[in-house]
Amino acid sequence: MGNRLSGKVVVVTGGNRGIGRAIAERLANEEAMVVVGDLFDEHSLPVSVERLAFMRLDVTKEASVRAFVDDVIQKFGRIDVLVNNAGIIVHKSIDEQTGEDWDRLMAVNLRGPFLMAKHVAPEMRRVGLGTIVNIGSVEGFMVNPWHTAYAATKAGMHGLTIGLAVDLGPDGIRCNTVCPGWIGTDLNRSYLELHPDRSLVERELAQLHPVGRIGSPKDIANAVLWLASDESSFVSGEMIAVDGARTKKISLPSILDEEYRAKLTKP
Ligand code: NDP
């Protein structure tokens, strides 16, 4: 608990669960007023608690984005930080993937962040300062099988990030993207369920990371906090991988990798 975001109003899209929820709670713990926008209906809208408010938002629909931003401004007066976190994934081969799958992924993962930035930027400009933090993925740099469309949305987010950083920089608005590696949430559960021995898969997955473990939503929330705070005031237009160095390691045949690990752990 600290006060690094004292007085700031933060919006987190898709913040009802997973990484978004961890970001919302971490930033609220730094004295920000955090508004979570998610696909709630009238029965699923959580009760707002101190420093954490919940509002209905579908990032794919411009009317919903506009109404959400208007609501936040009416209730809280300003928006200092926008976290574009809402995202979906589709695991399908290129043969199975349909045009509808492609459009849905693009709508949530890329059009949504664009629409949010477009409608929030005028509010940030009004106060002359603001920060946009996108949640991309290491799959904007590399790709797992069956993720062609997902990877395209995340690589597209890199272009969106540098475009916003350049266009909005003169207005005092920064834009960066955190690229998570493997984080334990519902989003990637279906991948783990491909194999019956879940604990074996988890062990092998951890070994792919030089730091020896997969990430947690809190790891991402800590990186977002830094980018949202004034401590990063000269950082804009960057894609920052938070992945335990997984994308820095060149693959070896697994048998050689095991030998190497065995040598490392010898007393
Ligand atoms: P989850 O599936 O756990 O949570 C996603 C959240 O986004 C849900 O609350 C979901 O609502 C919401 N959402 C989906 N569509 C919309 C929409 N149209 N408008 C508003 N909210 C929406 O995912 P994660 O927490 O794992 O992922 C969060 C972000 O992190 C995503 O952008 C993802 O691509 C990225 N990421 C995740 C990684 C991981 O390993 N988990 C790795 C790299 C990147 P609902 O519950 O109603 O579906």
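That block above? That's the structure.
Read on for a plain summary of the structure. (Residues numbered from 1 in each chain as written. Predicted model: local features only at pLDDT ≥ 70, side-chain atom pairs only at ≥ 80, totals over all residues. Heavy atoms only, no water.)

**Quick word on helix H4 (residues 148-168)**
So, point 1. Along its 21 residues, H4 runs 30 Å from first to last C-alpha, staying within 8% of the 30 Å computed at 1.5 Å per residue.
So, point 2. Buried within H4 we find Ala149, Tyr150, Ala151, Thr153, Lys154, Met157, His158, Leu160, Thr161, Leu164, Ala165 and Leu168.
So, point 3. Close packing links the buried residues of H4 with strand E4 (81-84), helix H3 (99-127), strand E5 (130-135), strand E6 (173-180) and strand E7 (239-242). (Helix = DSSP H or I, 4+ residues; strand = E, 2+ residues; numbered from the N terminus. Expected span 1.5 Å × (residues − 1). Buried < 20%, exposed > 50% of the residue type's maximum accessible area, 1.4 Å probe, protein only. Contact = heavy atoms within 4.5 Å.)

**Describing the nonpolar core**
So, point 1. Among the nonpolar cores identified, the biggest contains 30 residues, and Val11, Phe68, Val72, Ile79, Met116 and Ile132 are the most heavily contacted of them.
So, point 2. Mapped by element, the contributors of at least two residues to this core are strand E1 (9-13), strand E2 (33-38), strand E3 (52-56), helix H2 (62-76), H3, H4 and E6.
So, point 3. By residue number, the principal contributor to this core is H3, which donates seven residues.
So, point 4. Counting 29 residues, the second largest nonpolar core, distinct from the first, contains Ile19, Ala28, Val34 and Phe40. (Core = buried A, V, L, I, M, F, W, Y, C linked by side-chain atoms within 4.5 Å.)

**Details of the sheet that holds E6**
So, point 1. The parallel open sheet is built from seven strands, whose spatial order is E3-E2-E1-E4-E5-E6-E7. The sheet is open, and its two edges are formed by E3 and E7, each paired on a single side. In this sheet, adjacent strand axes meet at a mean angle of 20° when their direction is disregarded.
So, point 2. The pairing of E1 with E2 spans five bridges and is classified as parallel. Paired with valine 9 across the two strands is methionine 33, which belongs to E2.
So, point 3. In this fold helix H1 (residues 18-28) packs onto E1, E2, E3, E4 and E5, with an angle of close to 140° to the strand it touches most, E3.
So, point 4. Across the sheet, H4 touches E4, E5, E6 and E7, and the angle it forms with E6 is around 160°. (Pairing = 2+ DSSP bridges. Axes fitted to C-alpha atoms, helices over the stretch in contact; angles between N-to-C directions.)

**As for a nonpolar patch on the surface**
So, point 1. Among the surface-exposed residues, Leu252, Ile255 and Leu256 lie close enough to one another that they form a single nonpolar patch of about 290 Å² accessible area.
So, point 2. With respect to the helices, strands and loops of the structure, isoleucine 255 is situated in helix H8 (residues 254-265).
So, point 3. When its relative accessible area of 54% is taken as the criterion, isoleucine 255 is described as exposed. (Patch = residues over 30% accessible without salt bridge, like charges linked within 9 Å, V, L, I, M, F, W, Y side chains within 5 Å. Areas by Shrake-Rupley, 256 points an atom, 1.4 Å probe, with all protein chains shown as cover. Salt bridge = Lys/Arg side-chain N within 4 Å of Asp/Glu carboxyl O.)

**Here we look at the environment of isoleucine 173**
So, point 1. Following the sequence through the fold, isoleucine 173 ends up in strand E6.
So, point 2. Expressed as a C-alpha distance, the spacing of isoleucine 173 and glycine 99, which sit 74 residues apart in the sequence, is 35 Å.
So, point 3. Setting aside anything within four residues of it in sequence, one finds isoleucine 173 in contact with Ala121, Met124, Arg125, Gly130, Ile132 and Leu168.

**Points about the site of the ligand**
So, point 1. Near the ligand you find 26 residues, and of these Arg17, Ile19, Asp38, Tyr150 and Thr185 are the closest.
So, point 2. Within the contact set of the ligand, an oxygen atom lies 2.6 Å away from a side-chain nitrogen or oxygen of arginine 17.
So, point 3. Within the contact set of the ligand, an oxygen atom lies 3.0 Å away from a side-chain nitrogen or oxygen of lysine 154.
So, point 4. Calculation on the ligand without its partners gives an accessible area of 910 Å², and the protein chains cover 89% of this total.
So, point 5. For the shell around the ligand, the secondary-structure elements that each account for two or more residues are H1 and H4.
So, point 6. Of the residues belonging to the shell around the ligand, the class tally is twelve nonpolar, ten polar and four charged. (Near = heavy atom within 4 Å. Polar contact = N/O pair within 3.5 Å; in protein donor to acceptor, adjacent residues only side chain to side chain. Nonpolar A, V, L, I, M, F, W, Y, C, P; charged D, E, K, R; others polar.)

**Some remarks on the side chain of threonine 161**
So, point 1. Relative to the elements of secondary structure, threonine 161 occurs in helix H4.
So, point 2. Judged by its relative accessible area of 0%, threonine 161 falls in the buried class.
So, point 3. Separated by 2.5 Å, the side chains of threonine 161 and threonine 177 make a polar contact.
So, point 4. Beyond its immediate chain neighbours, meaning those up to four positions away, threonine 161 contacts Asn134, Cys175, Asn176, Thr177, Gly237, Glu238 and Met239.

**Re the pattern of salt bridges**
So, point 1. Inspection of every chain in the model, using the stated rule, returns 14 salt bridges.
So, point 2. Put simply, arginine 17 and aspartate 186 hold a salt bridge, and the shortest N to O gap is 2.9 Å. In this pair, arginine 17 is assigned in the loop between E1 and H1 and aspartate 186 in the loop between E6 and helix H5 (189-192), connecting sequence segments 169 residues apart.
So, point 3. Accessibility expressed as a relative area gives 55% for arginine 17, which makes it exposed.
So, point 4. Between glutamate 202 and arginine 198 there is a salt bridge whose closest N-O contact spans 3.0 Å. Here glutamate 202 and its partner arginine 198 are both found in helix H6 (residues 198-207), four residues apart, which amounts to about one turn of the helix.
So, point 5. Judged by relative accessible area, which is 37%, glutamate 202 ranks as partly exposed.

**Description of the environment of arginine 21**
So, point 1. Inspection of the secondary structure puts arginine 21 in helix H1.
So, point 2. Its relative accessible area of 24% is what places arginine 21 among the partly exposed residues.
So, point 3. A C-alpha to C-alpha distance of 15 Å links arginine 21 and leucine 57, two positions 36 residues apart in sequence.
So, point 4. When sequence neighbours within four positions are dropped, the list of residues in contact with arginine 21 reads Gly15, Asn16, Leu52 and Phe54.

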